[in-house]
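Each chain, letter by letter, is given below.
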Amino acid sequence: MSTAAARGAQSVGRTAGWASDRSITMGLSVLAAIPILLFLLLPLTGILLRGFETPTGFGIGNFTETFGAERFWRLVLNSISMSLTATLAAVGLAYFYAYALQRAAIPFKPFLRIAVLTPLFAPSLVQAQGLILLLGRNGVFNRFLGFDIDIYGFWGTAIANALYAFPYAYLILSAALAVADARIYESAETLGAGPARIFRDVTLPATRFGLAAAIFVVFTLVMTDFGNPMVIGGDFSVLATEVYNQVIGQAQFGLGAVIGIVLLVPAILAKLIEKRISSRQHALVTAQSKPLEVKPSRGRDLAFSLYAYVIVSLILSVLVIVVVASFVRLWPYNMSFTLKHYEFDVQNGTAPLWNSVGVSLATAIAGVAITGLTAIVVQKFRNPLTGPLSLLAILPAAVPGMVLGLGYVLTFNEPANPLNVLYGSFALIVILSVYYNHAHAFLISSTSLKQIGPVFDEASTTLGGSTLTTLRKVTLPLLWPTLLGVGVFYFMRTMVSLSAVIFLVTPSTQLAAVSVLQLSDRGAVNQAAAFSVCIMAIVIGCLLIVRAILWLAGAKNVTLIR
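For clarity, every value in this text was computed on a predicted model and none was experimentally measured. (Residues numbered from 1 in each chain as written. Predicted model: local features only at pLDDT ≥ 70, side-chain atom pairs only at ≥ 80, totals over all residues. Heavy atoms only, no water.)

**Observations regarding the side chain of Thr203**
In this fold, Thr203 is placed in helix α9 (residues 195-206). Exposure remark for Thr203: the relative accessible area of 1% places this residue in the buried category. Ignoring any residue separated from it by four or fewer positions in sequence, one finds Thr203 in contact with Tyr95, Tyr99, Arg103, Leu177, Tyr185 and Ile198. (Helix = DSSP H or I, 4+ residues; strand = E, 2+ residues; numbered from the N terminus. Buried < 20%, exposed > 50% of the residue type's maximum accessible area, 1.4 Å probe, protein only. Contact = heavy atoms within 4.5 Å.)

**Focus: the nonpolar core**
Grouped together as the largest cluster of nonpolar side chains are 166 residues, with contacts concentrated most on Tyr97, Tyr170, Leu173, Leu239, Tyr408, Ile502 and Phe503. Of the residues forming this core, the biggest block, 14 residues, is contributed by helix α3 (residues 70-103). When residues no more than four places from it in sequence are discounted, the contact partners of Tyr170 are Ala94, Tyr97, Ala98, Leu101, Arg113, Val116 and Leu117. Membership of the second largest hydrophobic core comes to five residues, among which are Ala180, Tyr185, Ile198 and Val202. (Core = buried A, V, L, I, M, F, W, Y, C linked by side-chain atoms within 4.5 Å.)

**Things to note about a nonpolar patch on the surface**
Where nonpolar side chains cluster on the molecular surface, the patch consists of Phe141, Phe144, Leu145, Phe147, Ile149 and Met335 and spans about 520 Å² of accessible area. Checked against the element boundaries, Phe141 lands in helix α6 (residues 140-144). With a relative accessible area of 30%, Phe141 lands in the partly exposed category. (Patch = residues over 30% accessible without salt bridge, like charges linked within 9 Å, V, L, I, M, F, W, Y side chains within 5 Å. Areas by Shrake-Rupley, 256 points an atom, 1.4 Å probe, with all protein chains shown as cover. Salt bridge = Lys/Arg side-chain N within 4 Å of Asp/Glu carboxyl O.)

**A look at the environment of Leu28**
Turning to its location among the elements, Leu28 is positioned in helix α1 (residues 3-51). Since its relative accessible area comes to 17%, Leu28 is described here as buried. Expressed as a C-alpha distance, the spacing of Leu28 and Thr241, which sit 213 residues apart in the sequence, is 40 Å. When sequence neighbours within four positions are dropped, the list of residues in contact with Leu28 reads Leu373, Val377, Phe381, Leu468 and Leu471.

**Brief notes about the packing of aromatic side chains**
This model, assessed by the stated rule, comprises 26 aromatic pairs. Through successive ring pairs, a cluster of aromatic residues spans Phe52, Phe58, Phe63, Phe67, Phe72 and Trp73. (Phe/Tyr/Trp six-rings, centres within 6.5 Å; stacked < 30°, edge-to-face > 60°.)

**Section: the environment of Ser20**
Within the element layout of this structure, Ser20 appears in helix α1. Looking at Ser20, the relative accessible area reads 36%, which means it is partly exposed. Spatially, the C-alpha atom of Ser20 lies 52 Å from that of Leu125, the residues being 105 residues apart in sequence.

**Some points on the packing of α3 against helix α7 (residues 154-178)**
One can describe the packing of α3 onto α7 by two numbers: an axis separation of 6 Å at closest approach and a directional angle of 40°. In terms of orientation, α3 lies oblique with respect to α7. The two elements α3 and α7 meet at a crossing, and its hand is right-handed. Residues belonging to the contact of α3 with α7 are distributed by class as follows: 23 nonpolar, six polar and one charged. (Axes fitted to C-alpha atoms, helices over the stretch in contact; angles between N-to-C directions. Parallel < 35°, antiparallel > 145°, perpendicular 65-115°, else oblique. Left-handed = near helix turned anticlockwise from the far one by under 90°. Nonpolar A, V, L, I, M, F, W, Y, C, P; charged D, E, K, R; others polar.)

**Looking at helix α12 (residues 239-249)**
Here α12 lies mainly inside the structure; eight of its eleven residues are buried. Residues of α12 that are buried: Leu239, Ala240, Thr241, Glu242, Val243, Tyr244, Gln246 and Val247. A positive phi of about 55° marks Ala251, the residue just after α12.

**A look at unusual backbone geometry**
In this chain, Trp331 is followed by Pro332 through a cis amide linkage whose omega measures -5°. Inspection of the secondary structure assignment puts Pro332 in the loop between β3 (328-330) and β4 (334-337). Look at Phe108: it is not a glycine, yet its phi comes out positive at around 60°. Tracing the backbone shows Phe108 in the loop between α3 and α4 (109-115). The class of Phe108 is exposed, set by a relative accessible area of 63%. Here the phi dihedral of Phe344 falls at roughly 50°; this positive angle occurs in a residue that is not glycine. With respect to the helices and strands, Phe344 occurs in the loop between β4 and α15 (351-380).

**Details of the packing of α15 against helix α23 (residues 525-552)**
For the pair α15 and α23, the least separation of the axes is 11 Å and the interaxial angle reads 25°. Between α15 and α23, the interaxial angle falls into the category roughly parallel. By crossing handedness, the relation of α15 to α23 is classed as right-handed. Contact residues: α15 offers Pro352, Leu353 and Val357, while α23 offers Phe531, Cys534, Ile535 and Ile538.

Everything listed here is a matter of coordinates, which is why it stays silent on function.
This is the structure in structure tokens:
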């Protein structure tokens, strides 16, 4: 072959390879985009359209009927006041708890870090269960210690939601307080500033973005939480419980859709405000920074030690009392020990528990594949689809689980929809769970991909590796610990999820968290507690197994709870 012919063949090969790579990247982008359109955008569109459907045609009748009712505005006021109270309590307490662990020398920090996260291992309504067992009419304080506490209603709901959201606020604020430049603190001390002045002028401004993120996350969680108000709310109702009553109790799908749209508004507003504040954030640590080291201070350390142990005692007491109730024959009348509640002689027996395990495992596998692919497409490829995909991938962060679940009912229960075959199946619950938690999992995967320098991809390309070869031999081997962490995140969230799946479960697809709610609603306190304990045990067992796998594989520094 002549030199010219060889060059021509090489050029054709490069062109063919480039065309092939472009086709592959576009194909993978389309593969990531189609399920997001079908299972995220379509249900949200379904809610918007259903809100405008009336018996007389397309119009605003549902909105005028809803907005004209005095009860609706009372529910709005209830929701906002309760959410603000719970948010202020959770974020305020979590800030100083995180401060105690990051900026003070207190004993047994690893225990304090793990103990405060235990509410994440249980359905949200376990907080309400525990509060009732402690402070309810037949609770420990009223029944056995002679108090006369009325925990039902506004304060019970706000406290339960604050306890439920506390770990989420702590994780964000702990990360915000973990990094600091010691030079700034040394300069402040040199200028004569005291601890209070340094906290006000240095620490607080440096963590304001973490505070904004924590407020957004907690407010959205408690505003749309459904379990705690149902269990401990009594006559106190909020918008989330009203959606359930309209759809399940009265089959008023149009009115339920209107309230679902209303619930979207504060979540989206909170997200936009948090986004605007965070856009002004700048790096706190540079190459010249000096890490802040905690210096012992007897008075400060003692005060923060007392504070941290009081907080963790309150959180654990609510969970421990649920565990105790699961081993009691008949709370509070017969407190003798028994294991009979773990025989699960209730409707469907242990089936909901195993259903939850199966659905959570399937969600973990599907979630890793879907969010991993989406993150790779957005971070590694550049084509017309990557921009819209990036936006859609984080959209679920502003969509409450109950609203997305309602969108699935309105969309996939429609006989004309070709995907109607999925309705009533475990598959649809798995898909819903994947997209309900998609934003968080996508951000975890994207963050890890950004940390992998482009030099690896360039080296692979220089050596003739195609896009698929680079993904298979370079990207995925570096990314697998993170993807394993994403799988654990999906498993844990799906095991304890309630509000997102409440509209989709049927007697044949019953899940454990929903069983806890139904048993609590029927007054079967001990059986509900036994279900809750089993859910917590399974989640903790899963975390321990995965941690052991990572330890054996040498990936000891992977964070499983984020």
